[in-house]
Number of protein chains: 4
Amino acid sequence: MKLGLIGLGKMGYNLALNLLDNQHEVVATDVNSSQVENIAKDGATPAQSIVELVDKLEAPRTIWMMVPAGEITEQVLSELKPLLSVGDRVIDGGNSNYKDTLRRSEEMDAYGIHYFDVGTSGGTEGARNGACYMIGGDETEFRKIEAIFKDTAIESGYHFAGRTGSGHFLKMVHNGIEYGMMQAIGEGFDILEKSPFDYDYEQVANVWNHGSVIRSWLMELTESAFSKDAKLEDIRGVMNSSGEGKWTVESALDLQTAAPVIALSLMMRYRSQEDDTFTGKVVAALRNEFGGHAVVKN
Amino acid sequence: MKLGLIGLGKMGYNLALNLLDNQHEVVATDVNSSQVENIAKDGATPAQSIVELVDKLEAPRTIWMMVPAGEITEQVLSELKPLLSVGDRVIDGGNSNYKDTLRRSEEMDAYGIHYFDVGTSGGTEGARNGACYMIGGDETEFRKIEAIFKDTAIESGYHFAGRTGSGHFLKMVHNGIEYGMMQAIGEGFDILEKSPFDYDYEQVANVWNHGSVIRSWLMELTESAFSKDAKLEDIRGVMNSSGEGKWTVESALDLQTAAPVIALSLMMRYRSQEDDTFTGKVVAALRNEFGGHAVVKN
Amino acid sequence: MKLGLIGLGKMGYNLALNLLDNQHEVVATDVNSSQVENIAKDGATPAQSIVELVDKLEAPRTIWMMVPAGEITEQVLSELKPLLSVGDRVIDGGNSNYKDTLRRSEEMDAYGIHYFDVGTSGGTEGARNGACYMIGGDETEFRKIEAIFKDTAIESGYHFAGRTGSGHFLKMVHNGIEYGMMQAIGEGFDILEKSPFDYDYEQVANVWNHGSVIRSWLMELTESAFSKDAKLEDIRGVMNSSGEGKWTVESALDLQTAAPVIALSLMMRYRSQEDDTFTGKVVAALRNEFGGHAVVKN
Amino acid sequence: MKLGLIGLGKMGYNLALNLLDNQHEVVATDVNSSQVENIAKDGATPAQSIVELVDKLEAPRTIWMMVPAGEITEQVLSELKPLLSVGDRVIDGGNSNYKDTLRRSEEMDAYGIHYFDVGTSGGTEGARNGACYMIGGDETEFRKIEAIFKDTAIESGYHFAGRTGSGHFLKMVHNGIEYGMMQAIGEGFDILEKSPFDYDYEQVANVWNHGSVIRSWLMELTESAFSKDAKLEDIRGVMNSSGEGKWTVESALDLQTAAPVIALSLMMRYRSQEDDTFTGKVVAALRNEFGGHAVVKN
């Protein structure tokens, strides 16, 4: 089918290629015009602006946004809204907070526009060769555009999760679980590293990927990482985060759920971003106060 | 090759069949004589006792123990020790604490017996059709018996990890990671369960197994569990544990490693075994003391 | 000085008495008219409504709200706003979220009204005989009304913390620390309770209050609680919470601070409110799937 | 009464002075002979060795050890044992692990010697002017020597907790609670430090010590620490630990108790002792693998 694609970054560009491979007709735009030229060479219809993109699509239009969550998504939507017609469909394929999605969807509803929230997993490789989608929105409308998800997903790799918001919420929780799994793997190797034994981590990850209970894609990636740098000596253990982990913890709090593993996975990331902590200073000072324990001076 | 197998429980019996399938000659014994009779019908040489088993093997013997860790392993070893000859090999295929392994190996060394610690993962299915082994011991001796691991493991599913103790230590950490991953998955579904959306958990697990970052064997098992009981209404959330998780945390403490996710995974299991907690009583009483907050009466 | 007091609940009534004891002139109102009658007998000027209260004060008025945070505070403020004059002062003595405080203060500013956020600690006893105040707002204005805080606080028990919001933020963090301390105390007694020893908890708390490092008001309250019910057998360990703990964790997340102890204190409260958890069900089901471990049936 | 004191370090010397102030007759020794000379000037009977100390006491002797836990305690006891008579009493006033205490007490029992485990809190100041004791041992024997505890403790600052081991176990748990409280305080100030407000921490701690729920000796020490270094700029947040926190967590695990706050307090100390973590490296590498997220290079 014919659709518009806004955003040709790492994810969006690969998705465009994936759609084109599957015989979909893609009108594509991006703030970076060279990306627009490139995708045109790859077979898409270029659009130099969102206005032009909307213009090149016939109502009811289907427009897939693949842009960063937050401000940019907000901006694209405010630009889109006045250009669209009743019955058009907008897909947010980014990692938006489901609360934003609920608000935006309501705004779109007022214009008669169908809004879909699509959590996308599998990284850039997935976007290119078969992604994993978690989709929220109106089911009847979803069935009309199901093909674009089915075709670009890995086999069985898309799921209509329910009403608007359920797609981004599901992706958020997916990432929360991912945080916990990654921290668990990290802690395990940390214990191995401090142990009295001398392990070959690549081989450890390899055997764990062959028949063990913890075999997983993350363990395959662990193996891959160790294959490039046997002791990870070249990198610092700074663990950044982009939002979904935090939202998962906030949702856990809102829902009064004990989620200690996800919460701690996030907090250890924050800890890793600091060289020293004020918490530590206070505790060290207190130990000195009551026990005369020496402090480490700066 | 010819070897002895002590222990014909769920794991041991399956391992025996697996060894027999692979043309190994198995002399097998168990405290349960009907299991011995059964395995004899399946092609093994039966032995009614450990004495008989040792007797039916020629030095240097290879004897694989597949018995519960702790007291029973201790008992089998004390029975075995006086019967063995210099150069014999003993394999502990159970989930022994690596500290016990180090002590036992030292005792065996004094008798000239080669001791191997083999962590076995993959469950009973793995034991039957392809297990995952983490092996510690003397490497030269290991090469002489490598075939029995290679043949009964899943492809690439065995790893010689280093000196004695390194196999059980690695299995212990594997289980620690497993605890963390399971708790992360559990927390994620708990948040979904309390969310305002109405998810089909089997389908959620299914889509997460197709292209997502958290695809894993544990997520496949999650899918399987939900396929049998869509909301897990039939079971209580009591999370038991058998030892390796605790040992992983103890090792983390000994090695001064921050492993909050593994530690909390374990502690939430303990919490799940109590209907009410004394911690909770104290905190509730304190809230009542200073703020007059109502307590829930028993 | 003369001031208005809105709210004659447990905290507000005691504060009124405290102000009256200190020769302040109090015009008091409450939705519960019998409380208004009572406080009139105790020496306050009764007001049957907020309108009447404002009417009985001369500009620039000082009005202290001692009402529940959230909706009721919102409601009182929206009723007050049109009645006030430029230069009037409003004090929010409740446990409001500092983000609400910042918003409300801005709205009040637009009317030329001075807004103070006052976190109040010490419980109802403190309100009556000497509270602990953490105060945010304009410092020049604060000095004009300092007397009402100084007079009703315990000696040295008030602190001007800085600009608007800093008072409620400080109270929020105070409560976060309180959560952590209470959970630590609870855990300690839980370990004692499960230990092989047979402790007298009241005496334990007593000795810890005499010369130990952990002597504290909370330990005194612990002693008091055990003096009434030696093993806390009459109460359930359900740990409720009212908001500040959650806001502290949310603030920690917003500020990218690792605050595991405060976060876990809160999450263990949530856990205590559930008889069984979905997390536990998932983990139990998984253990059954891969290891055949028995589950507890409902 | 007359007693022997082994160990004249910071704690032991102060205890000796305290005993002398209270008209007890102290025979004192230490490996450091100048400390022995000093205490002689202060009124004690000097002993150049443990042999001499035992010699200068009449059976039944009472000997108080105030030496570091672990090896040194072990050594002193092995030296003492052959010198003592049936009915003598030995007091271990150090921070010994209660499991060591149980073993040692059993060994002493075999010689007819009464063994007391005395957890001592309150720091060096307490040892000098009024300590806090948690005492385990035989109660009848305890009553015979109660005076030395009563006289050197702060008022109400000693507690006979029960049979041998209960004193050191209680002190261990006391320290576990202390870890949790300190971490809670540290986290609170860390949140303040990262907040948009500009607090004076000494004044914050001061007001919290006047009427708030979290008033405590630890908060007084916090105030004292901030009075010396307003932002703790001179010290590093390295949080060392000496053993009791770890033993508390190990005991929690042994007793299957969820003690997340105490466990995390300990683990954050371990974390603070590392500049970078292997956990962090693994997680950062994984994020790079699946999402192409940049890593920080070493």
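Residues numbered from 1 in each chain as written. Chains lettered and ligands numbered in written order. Predicted model: local features only at pLDDT ≥ 70, side-chain atom pairs only at ≥ 80, totals over all residues. Heavy atoms only, no water.

An unreviewed UniProt entry lists chain A under the name 6-phosphogluconate dehydrogenase, with Pontibacillus chungwhensis BH030062 as the source organism. The annotation that UniProt attaches to chain A under Sequence similarities (unreviewed entry) is "Belongs to the 6-phosphogluconate dehydrogenase family." (UniProt positions renumbered as here; feature names shortened; annotations may be inferred.)

Glancing now at the relation of the copies chain C and chain D. Here chain C sits on chain D after a turn of 180° about the axis and a move of 0.0 Å along it, with an RMSD of 0.0 Å. Taken together, the rotation and translation relating the two chain copies correspond to the operation of a two-fold axis. Of every C-alpha in chain C, the one belonging to Ser216(C) sits nearest the axis of rotation, 1.9 Å from it. Of the interface residues in chain C, 100% have counterparts in chain D that sit at the interface too, so the contact is made through matching surfaces. (Least-squares fit on C-alpha atoms with pLDDT ≥ 70 in both. Contact = heavy atoms within 4.5 Å.)

Let's shift gears to the relation of the copies chain B and chain A. Note: a rotation about an axis with an accompanying shift along it relates these two copies of the chain. Of the transformation superimposing chain B on chain A, the axial component is 0.0 Å and the angular component is 180°, with the fit at an RMSD of 0.1 Å. Both copies share a contact surface, since 100% of the interface residues of chain B are interface residues in chain A too.

Side chains that are three or four residues apart share a direction in an α-helix, a result of its 3.6 residues per turn. Burial runs high along helix α11 (residues 244-254) of chain C: 10 of the 11 residues are buried. Buried residues of α11(C): Glu244(C), Gly245(C), Lys246(C), Trp247(C), Thr248(C), Val249(C), Glu250(C), Ser251(C), Ala252(C) and Leu253(C), and no others. The secondary structure elements touched by the buried residues of α11(C) are α11 (244-254) and α12 (260-272) of chain A, α5 (98-110), α8 (166-194) and α12 (260-272) of chain C together with α8 (166-194) of chain D. Just beyond α11(C), the residue with positive phi is Gln256(C), at close to 55°. (Buried < 20%, exposed > 50% of the residue type's maximum accessible area, 1.4 Å probe, protein only. Helix = DSSP H or I, 4+ residues; strand = E, 2+ residues; numbered from the N terminus.)

Taken together, the contact between chain C and chain D spans 67 residues of the former and 67 residues of the latter. For the chain C and chain D pair, buried surface summed over both sides reaches about 5,800 Å², with 75% attributable to carbon and sulfur atoms. The three residues of chain C that bury the most area against chain D are Ile191(C), Phe197(C) and Val213(C), which together make up 12% of that side's buried surface. Joining chain C to chain D, the criterion identifies zero salt bridges. The interface formed by chain C and chain D contains 18 residue pairs in polar contact (both at pLDDT 80 or more). Across the side of chain C that touches chain D, the residue classes break down as 36 nonpolar, 23 polar and eight charged. (Buried area = accessible area lost by both parts, 1.4 Å probe. Salt bridge = Lys/Arg side-chain N within 4 Å of Asp/Glu carboxyl O. Polar contact = N/O pair within 3.5 Å; in protein donor to acceptor, adjacent residues only side chain to side chain. Nonpolar A, V, L, I, M, F, W, Y, C, P; charged D, E, K, R; others polar.)

Here the structure, examined in full by the defined rule, presents 68 aromatic pairs over all chains. Pairing Phe226(B) with Phe278(C) gives two aromatic rings, centres 6.2 Å apart and planes at 20°, and the pair type is stacked. Residue Phe226(B) is found in helix α10 (residues 217-228), and its partner Phe278(C) is found in helix α13 (residues 278-291); the two belong to separate chains. For the pair Phe197(C) and Phe169(D), a centre-to-centre distance of 5.4 Å together with 55° between the ring planes defines the contact as tilted. (Phe/Tyr/Trp six-rings, centres within 6.5 Å; stacked < 30°, edge-to-face > 60°.)

Looking now at the domain arrangement of chain A. All names here are of chain A. We note that the domain assignment places domain 1 (2-163) and domain 2 (171-272) within chain A. Inter-centroid distance (C-alpha atoms) of domain 1 to domain 2 is 30 Å. With 10 residues of domain 1 at the contact, the number on the domain 2 side is eight residues. Counting each side, the surface lost to burial between domain 1 and domain 2 is near 710 Å², with a carbon and sulfur contribution of 56%. Its largest share of buried area at the contact with domain 2, domain 1 owes to Asn95, Asn97 and Met134, together 54% of the area lost on that side. (Domains from an automatic or database assignment.)

Our next topic: the interface of chain B and chain A. Across the boundary between the two partners, chain B contributes 67 residues, which contact 67 residues of chain A. Contact with chain A buries surface across chain B, with Ile191(B), Phe197(B) and Val213(B) losing the most and accounting together for 12% of the total. Where chain B packs against chain A, one counts zero salt bridges. Counting the contacts that link chain B with chain A gives 18 residue pairs in polar contact (both at pLDDT 80 or more).

On to unusual backbone geometry. Note: most peptide bonds trans; most residues except glycine with negative phi. All names here are of chain A. Each neighbour pair has its own omega, and for Ala59 with Pro60 the value is -5°, a cis peptide bond. Locating Pro60 in the fold gives a position in the loop between α3 (50-55) and β4 (62-65). Even without being glycine, Gln256 reaches a positive phi, approximately 55°. Residue Gln256 is classed as partly exposed on the basis of its relative accessible area, which comes to 39%.

This part covers the sheet that holds strand β2 (residues 25-29) of chain A. Paired through backbone hydrogen bonds, the strands of a sheet run either parallel or antiparallel to each other. Residue and element names in this part refer to chain A. Spatially, the eight strands line up as an open sheet ordered β3-β2-β1-β4-β5-β6-β7-β8, and their pairing is mixed. If you trace the sheet from one side to the other, it starts and ends with β3 (45-46) and β8 (153-162), each paired once. Docked against the sheet, helix α1 (residues 10-21) engages β1 (2-6), β2, β4, β6 (114-121) and β7 (131-136), running at close to 165° with respect to β1. Packed onto the sheet, helix α4 (residues 71-80) meets β1, β4, β5 (89-92) and β6 and runs at close to 160° relative to β4. (Pairing = 2+ DSSP bridges. Axes fitted to C-alpha atoms, helices over the stretch in contact; angles between N-to-C directions.)

All names here are of chain D. Spanning 14 residues, helix α7 (residues 139-152) covers 19 Å between terminal C-alpha atoms, matching the ideal 20 Å at 1.5 Å per step. At Ile145, α7 is deflected by roughly 60°, the largest bend along its length. Listed in full, the buried residues belonging to α7 are Glu141, Phe142, Ile145, Glu146, Ile148, Phe149 and Thr152. (Expected span 1.5 Å × (residues − 1). Bend = angle between axes of the 7 residues up to and from the residue.)

Looking now at the pairing of strand β8 (residues 153-162) of chain D. Sheet topology places strand β7 (residues 131-136) of chain D next to β8(D); five bridges connect them, and they run parallel. Note on β8(D): the bridge partner recorded for Met134(D) is His159(D).

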